[in-house]
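The primary structure of each chain is shown beneath.
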Amino acid sequence: NDFKISDLIENGNLYKGAGIERGKDSKPFMDLIGLPIIENSCIKEFYTFIDNNKLLTENDIYLSRGRKREIFIGNKILLKEQSKDWNQPIVSYVDDDCVFRKGTFSISSVDDGEIKSLYSYLISDFYLYYLYCITGAWGIGTRPAIRFDEEYLSFPIVNANQEIKIELIELTNEFLKTYKEF
């Protein structure tokens, strides 16, 4: 199968990108003012709550990277660059608009079904096994980082029919419900 997650992003209504970063050649990005920000340390495995008390202000929006508004709007999957315990990717679902920092990547969509069906693949053991097979840094580096485009998004995927997609979405909703209630 030649169809990958990256193809879903290129062909559909999914967006990808990296978190915000201040630095050289910073420019103001006014569209992000007032959005909640999630610090990398607050991103949890499987589901992340948004703290609506921590919002971006005018002082926070001079950015050199992460100025693509689409990745911050709608439901999203956050993927941390640094894995947990050196070999466990952190994949987290967030169900609202928010901003995150460098070191975290996002796949976002305003289509809740599309993002939830993709999320179901990304938290599977099969996806983890795939990453074990292709991730070059695990077992070698001290703090191995997963490369977003070359590793996270290279996973071969079957574009499921509508019936299977609905079942995946229902299972994902059930799975996430426990995290939201806890």
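Description of the structure in this document. Residue numbers here run from 1 along each chain, matching the order of that chain's written sequence. Since the coordinates come from a predicted model, pLDDT governs what is reported: local features require at least 70, and pairs of side-chain atoms require 80 or more to be given and counted, while whole-chain, interface and lining totals use all residues. Side-chain measures were taken over the full set of non-hydrogen atoms in the model, leaving aside hydrogen atoms and water.

**Some thoughts on the environment of L79**
Argument step 1. Think of it this way: any DSSP run of H or I at least four residues long counts as a helix, any run of E at least two long counts as a strand, and we number them from the N terminus. Positionally, L79 belongs in strand β6 (residues 75–80).
Argument step 2. Since its relative accessible area comes to 1%, L79 is described here as buried.
Argument step 3. With 84 residues separating them along the chain, L79 and E163 place their C-alpha atoms 27 Å apart.
Argument step 4. A contact between two residues is defined here by any heavy atoms of the two lying within 4.5 Å. L79 has contacts with I90, V91, G103, T104, F105, I107, L122, F148 and Y152, leaving out every residue within four places of it along the chain. Working definition: with a 1.4 Å probe on protein chains only, accessible area under 20% of the residue-type maximum means buried, over 50% means exposed, and in between means partly exposed.

**Regarding the sheet that holds strand β1 (residues 15–18)**
Argument step 1. We call two strands paired when DSSP finds no fewer than two bridges between them. Spatial ordering of the open sheet is given by β1-β9-β6-β7-β4, a layout of five strands whose pairing is mixed. Unpaired on one side and paired on the other, β1 and β4 (46–47) mark the two borders of the sheet.

**Here we look at a negative patch on the surface**
Argument step 1. A grouping of E163, E167, E170 and E174 is seen on the molecular surface, where their side chains present a negatively charged patch.
Argument step 2. Mapping E170 onto the fold places it in helix α4 (residues 162–181). Patch rule: a residue counts if its relative accessible area is over 30% and it has no salt bridge; like charges are joined within 9 Å, and nonpolar side chains (Val, Leu, Ile, Met, Phe, Trp, Tyr) within 5 Å. Exposure was quantified through the Shrake-Rupley algorithm and a 1.4 Å probe, taking into account, for residues, occlusion by the shown protein chains and nothing else. We define a salt bridge as a side-chain nitrogen of Lys or Arg found within 4 Å of a carboxyl oxygen belonging to Asp or Glu. Charge convention: Lys and Arg are scored as positive, Asp and Glu as negative, and His as well as the terminal groups of each chain are ignored. To locate a charge, the coordinates of NZ of Lys, CZ of Arg, CG of Asp or CD of Glu are taken.

**Quick word on the nonpolar core**
Argument step 1. Put simply, buried Ala, Val, Leu, Ile, Met, Phe, Trp, Tyr and Cys residues joined by side-chain atoms within 4.5 Å make one nonpolar core. One finds I5, I77, L79, I107, L118 and L122 to be the most contacted residues of the largest nonpolar core, which totals 26 residues.
Argument step 2. Elements with a minimum of two residues in this core: α1 (5–11), β6, β7 (91–94), β9 (104–109), α2 (112–122) and α3 (125–134).
Argument step 3. In terms of residue count, α2 provides more of this core than any other element does, four residues in total.
Argument step 4. Within the second largest apolar cluster, 18 residues are counted, among which are L35, I37, I90 and V99.

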